[in-house]
Amino acid sequence: MLASLKKILKYKYLLCVLVERDIKTKYRRSVLGVLWSMLNPLLMMIITAMVFSTLFRFAIENYVLYLLVGQVAFTFFAESTNFAMGSILQNGALIKKVYVPKYLFPASRVMSSCVNLLFTVPAIVIMMLYTGQTPTWRIISFIIPLILMLAFCMGVGLILSACVIYFRDIYHLYGVLLTALNYATPIFYPESIVPAQYQWILTINPLYYYVKGFREVVYNDGIPELHTMGICFGIAMVFLVAGILIFRKVQNQFILYI
Amino acid sequence: MVETIINVEHVTMKFNLMEEKVDTLKEYVVKLIKGKLFYNEFIALHDISFTIDRGDIFGFIGFNGAGKSTMLKILAEVLKPTQGRVTVKGSIAPLIEVGAGFDPELTAKENIFLNGAILGHSKKFLEKHFDAILDFAALRDFVNVPVKNFSSGMYARLGFAIATEVRPDILIVDEVLSVGDYKFQEKCEKRIQEMINNGTTVILVSHDIGMIRRLCNKVVWLDHGRIKDIGDTERICRMYER
């Protein structure tokens, strides 16, 4: 236990470098660079808002903010897990040559997605001001659902990156699953339009709770409810522990399959 | 005083060679149901035991497929042996093959930090040695060029410079010196010699018997995953060449 903790500390710098690399290479050669992290969700939100506020007209107050928060949270999940999934395969050449703790690759990917999310904070604040909801000190508490969601994504990322080594199908399957999750999470529609007999889908969807947590802070200008955070914490722990256990069990076999 | 730095005890490495590589879930299930999922066991290394002392220049020779690279991977902790144990005292720096460990999109400067971090160094260490690495690789004019635009010689120079700047306890050299022009090869050999003089243990794999003769003091001859002979360089090289 102590030895593995020491190892983590030894490779702390590598983790930072890997996160830095992800962010650098993502925006290299683009004129606006990191600004894209802000612009992307804003532009996406504008398009979705245009479609859904004219075509469907959901009865949601301050729809753009409702939408933006949901989208940013979902994008974080989708991007980080998808990105983490390929990390072991993409770094295969390296893993075959040098000893590096392998969890660093999925972990760095999830963390760089998290940094990406932090870049979108200004966009959210701008949107809040624009829609007349002045941010208060309570907005700081978004860090609580964020940390829990980071742990959740880390767990999912570890599981996916390990499984995809054995079955490359998961790559393709996961894209479909993400689309399904996108619709199963109240991102662009209100919770209330889900018919009573399908409400259970929301309750088994982990993302529902994280999106809810973020909305309690940013959209409702409150602090996250204990009940929601409790569930988020539970989900995060289950996935994180499962991820670590699965990853540890199979990591020595990776090299034989990549 | 002789101190054992690497101790290899009864190492056996088995690979499961599947008839065909099963990569997808469907194939796996289909084969499982048909009962066709057999593995062909391939023994790459068979009950290998030896020790390397501090300061040794240890050479591995053998024909293709003898298990040299597998052995090196086990020493570098990249592969876990199926059976047996390897104990290493001290830090190991593998000379990464050309390209691995670099991100082609990043510049030479950024790659020095990335590659250095992969080898387990701190930021402080790398900042201190940054200039020395650049000078050795003779790439000062290309610091801010993405390495994807580098020639293979430049790649190798940078990789060698980073790995050897470290002054590790043990250096693993796996035929990387065959790239680069003769001038750089000379420089590399000089540096390896320098490290040897400073007490670094070197593990060398090469088909270049001349180089093994020049550098090594102890040689293992691997043949089909077994140790055919181990001991004095001259004696084994002579037998090998016959």
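The structure presented is a predicted model; accordingly, all values stated were derived computationally and were not measured.

Draft legend 1. The overall build of chain B, seen in detail. Counting its secondary structure elements, chain B contains 8 helices and 9 strands. When each of the 242 residues of chain B is scored for burial, the buried share is 50%. For chain B, contacts bridging at least 24 residues in sequence account for 72% of all contacts bridging at least 6. Within the structure as shown, chain B displays about 12,000 Å² of accessible surface, and the carbon and sulfur contribution to it stands at 51%.

Draft legend 2. Focus on the state of the cysteines. In total, this model carries 0 disulfides over all chains according to the counting rule given. No disulfide involves A:C163; its sulfur sits 16 Å from that of A:C153, the nearest cysteine. Of the cysteine sulfurs around B:C216, a residue in no disulfide, the closest is that of B:C237, at 7.6 Å.

Draft legend 3. Here's a closer look at the side chain of A:S113. Mapped onto the secondary structure, A:S113 falls in helix α7 (residues 104-119). Those residues in contact with A:S113 that lie beyond four places of it in its chain are A:F76, A:E79, A:S80 and A:F83.

Draft legend 4. Molecular detail of the environment of B:F102. Residue position: B:F102 is located in the loop between β5 (92-94) and α3 (108-118). Separated by 123 residues in the primary sequence, B:F102 and B:G225 place their C-alpha atoms 32 Å from one another.

Draft legend 5. Local environment of the UniProt feature "transmembrane region" (unreviewed entry) in chain A. All names here are of chain A. In the numbering adopted here, UniProt assigns the feature "transmembrane region" (unreviewed entry) to residues 31-52, 64-89, 110-130, 142-164, 171-189 and 226-247. Taken end to end, residues 64-89 has its terminal C-alpha atoms 38 Å apart, with 96% of it in helix and 0% in strand. Strand forms 0% of residues 226-247 and helix 100%; the C-alpha atoms that close the span are 31 Å apart.

Draft legend 6. Summary view of unusual backbone geometry. All names here are of chain B. Its identity as a non-glycine residue notwithstanding, H10 has a phi of 45°, on the positive side. Here H10 is to be found in strand β1 (residues 4-18). Look at E77: it is not a glycine, yet its phi comes out positive at around 70°. Summarising the element assignment, E77 is placed in the loop between α2 (68-75) and β4 (83-88). Classification of E77 as partly exposed rests on a relative accessible area of 48%.

Draft legend 7. Layout of the sheet that holds strand β8 (residues 218-223) of chain B. Residues and elements named next belong to chain B. Within the open sheet, the 6 strands sit side by side as β5-β6-β7-β3-β8-β9. Their pairing is mixed. Single-partner strands in this sheet number two, and they are β5 and β9 (226-231). Going across the sheet, the axis of each strand differs from the next one's by a mean of 15°, ignoring polarity. Strand direction decides the pairing type here: strand β6 (residues 170-174) and strand β7 (residues 201-205), joined by 5 bridges, are parallel. Bridge pairing in β7 places L171 opposite V202. Set on the sheet, α2 makes contact with β3 (57-61), β5, β6, β7 and β8; between it and β3 the angle comes to about 140°. Set on the sheet, helix α6 (residues 182-197) makes contact with β3, β6 and β7; between it and β6 the angle comes to about 155°.

Draft legend 8. How the structure looks around the UniProt feature "domain: ABC transmembrane type-2" (unreviewed entry) in chain A. Per the UniProt record, "domain: ABC transmembrane type-2" (unreviewed entry) is annotated on residues 32-250 of chain A. Here residues 32-250 of chain A is 74% helix and 0% strand, with 41 Å between the C-alpha atoms at its ends.

Draft legend 9. Spatial organisation of the packing of aromatic side chains. Residue and element names in this part refer to chain A. Using the criterion set out here, one finds 18 aromatic pairs over all chains in the structure. Look at F77 and F152: their rings are 5.4 Å apart centre to centre, the planes differ by 15°, and that puts the pair in the stacked class. Pair noted here: F77 is in helix α4 (residues 63-85) and F152 is in helix α9 (residues 143-166), with a separation of 75 residues, a long-range link. Comparing F77 with F152 shows no difference in burial state: the two are buried.

Draft legend 10. The nonpolar core, seen in detail. Core analysis: the largest hydrophobic core is formed by 132 residues, its most contacted members being A:F77, A:M149 and B:L158. Residues within four places of A:M149 in sequence aside, it is in contact with A:A73, A:F76, A:F77, A:L207, A:Y210 and A:F214. B:F50, B:M71, B:A76 and B:L79 belong to the second-largest nonpolar core, a separate cluster that totals 28 residues.

Draft legend 11. Local environment of the interface of chain B and chain A. In this assembly, 35 residues from chain B lie in contact with 26 residues from chain A. Regarding the contact of chain B and chain A, the summed buried area is about 2,700 Å², with carbon and sulfur atoms giving 65% of it. Our enumeration of links across chain B and chain A arrives at 2 salt bridges. A salt bridge links B:E110 to A:K24; its shortest N-O distance comes to 3.2 Å.

Parameters and conventions
Residues numbered from 1 in each chain as written. Chains lettered and ligands numbered in written order. Predicted model: local features only at pLDDT ≥ 70, side-chain atom pairs only at ≥ 80, totals over all residues. Heavy atoms only, no water. Helix = DSSP H or I, 4+ residues; strand = E, 2+ residues; numbered from the N terminus. Buried < 20%, exposed > 50% of the residue type's maximum accessible area, 1.4 Å probe, protein only. Contact = heavy atoms within 4.5 Å. Areas by Shrake-Rupley, 256 points an atom, 1.4 Å probe, with all protein chains shown as cover. Disulfide = S-S within 2.5 Å. UniProt positions renumbered as here; feature names shortened; annotations may be inferred. Pairing = 2+ DSSP bridges. Axes fitted to C-alpha atoms, helices over the stretch in contact; angles between N-to-C directions. Phe/Tyr/Trp six-rings, centres within 6.5 Å; stacked < 30°, edge-to-face > 60°. Core = buried A, V, L, I, M, F, W, Y, C linked by side-chain atoms within 4.5 Å. Buried area = accessible area lost by both parts, 1.4 Å probe. Salt bridge = Lys/Arg side-chain N within 4 Å of Asp/Glu carboxyl O.

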